[in-house]
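What follows is each chain in one-letter form.
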Amino acid sequence: MGFEKLPILDDRHLKAIEMIIDGSYKINEIAAACGVERTTLWDWRKKNKTFIAELDRRIQEHKSFLKNSSEKKFENKLDIAINTIINIAESGKNEATKLEAARYIYEVLNGKIPNKLTVTENIEDTDNAGNIIEDIEDWDNTEDTIKD
């Protein structure tokens, strides 16, 4: 019982595989770039076992790369979110908000998935900073005193 000798892929095959995986090319563009007819490219995709195997291997490799990079991005954002919640629990201005953040952390650490985290900060506004209505009124009043 002998093994079937599979054909070796040349540069045209490898270029076609790269362009297929890229996903931004049409079949006729790939065929033209590889110097073959569309029907040849089609035959490679359907009948050439070496081409099919290499394409499948590269697709799986590409999917794995995308999955890993997405997970890393999510992990980075997750760290930021967790640190934000911890910061609110430790130094929030409002006691109810601090308690809510602390309860959220407690539930997550104990394996529960909280429905939501409601964060509202009621900051005592002693110098009227942040009050847009009063800022607008102050601006309106200063316009009267500005001279050209």
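Anything mentioned here points back to the structure above.
Caption draft 1: Here's a closer look at helix H4 (residues 49-91). With 43 residues, H4 ought to run about 63 Å at 1.5 Å a step, and its terminal C-alpha atoms sit 62 Å apart, in line with that. Every buried residue belonging to H4 is among Thr50, Phe51, Glu54, Leu55, Arg58, Ile85, Ile88 and Ala89, and all of these are buried. The elements touched by buried residues of H4 are helix H1 (11-22), helix H3 (38-47) and helix H5 (95-109).

Caption draft 2: Structural view of helix H2 (residues 27-34). Taken together, the buried positions of H2 are Ile30, Ala31 and Cys34. Down the axis of H2, the sector holding all buried residues measures 100 degrees, keeping them to one side. Contact partners of the buried residues in H2: H1 and H3. Gly35 sits one or two residues past H2 and shows a positive phi near 75 degrees.

Caption draft 3: View of the nonpolar core. One finds Ala16, Ile30, Leu41, Trp44 and Phe51 to be the most contacted residues of the largest nonpolar core, which totals 13 residues. Breaking this core down by element, the ones donating at least two residues are H1, H2, H3 and H4. The greatest single-element share of this core, amounting to 4 residues, is contributed by H1. With residues up to four places along the chain from it excluded, the contact list for Trp44 reads Arg12, His13, Ala16, Val36, Phe51 and Ile52.

Caption draft 4: Seen up close, the pattern of salt bridges. Taken as a whole and judged by the stated rule, the model has 7 salt bridges. Linking Lys47 and Asp43 is a salt bridge whose minimum nitrogen-to-oxygen distance equals 3.8 Å. Of the two residues, Lys47 and Asp43 both sit in helix H3, 4 residues apart, roughly one turn of that helix. One salt bridge in this structure joins Glu95 and Lys98, with 3.6 Å as the shortest N-O distance. In this pair, Glu95 and Lys98 both sit in helix H5, 3 residues apart, roughly one turn of the helix. Taking relative accessible area as the criterion, Glu95 reaches 58% and is therefore assigned exposed. When salt bridges that share partners are traced, they join Glu54, Arg57, Arg58 and Glu61 into one network.

Cut-offs applied
For every chain, the first residue of the written sequence is number 1, and numbering continues from 1 onward in sequence order. Predicted model: local features are reported for residues with pLDDT of at least 70 only, side-chain atom pairs are reported and counted for 80 or more only, and whole-chain, interface and lining totals are derived from all residues. Side-chain numbers here rest on the full set of heavy atoms in the structure, without hydrogens or water. Strands are runs of DSSP state E lasting at least two residues, helices are runs of H or I lasting at least four, and both sets are numbered from the N terminus onward. One fewer than the residue count of a helix, multiplied by 1.5 Å, yields its expected span. For every residue, the accessible area obtained with a 1.4 Å probe (protein chains only) is divided by the maximum for its type, and the residue is called buried under 20%, exposed over 50%, and partly exposed between those limits. Two residues qualify as a contact provided that any one of their heavy atoms is within 4.5 Å of a heavy atom in the partner residue. Here the arc refers to the directions that run from the helix axis out to each C-beta atom. In plain words, nonpolar cores are sets of buried Ala, Val, Leu, Ile, Met, Phe, Trp, Tyr and Cys residues tied together by side-chain atoms within 4.5 Å. Think of a salt bridge as a Lys or Arg side-chain nitrogen and an Asp or Glu carboxyl oxygen that are within 4 Å of each other.

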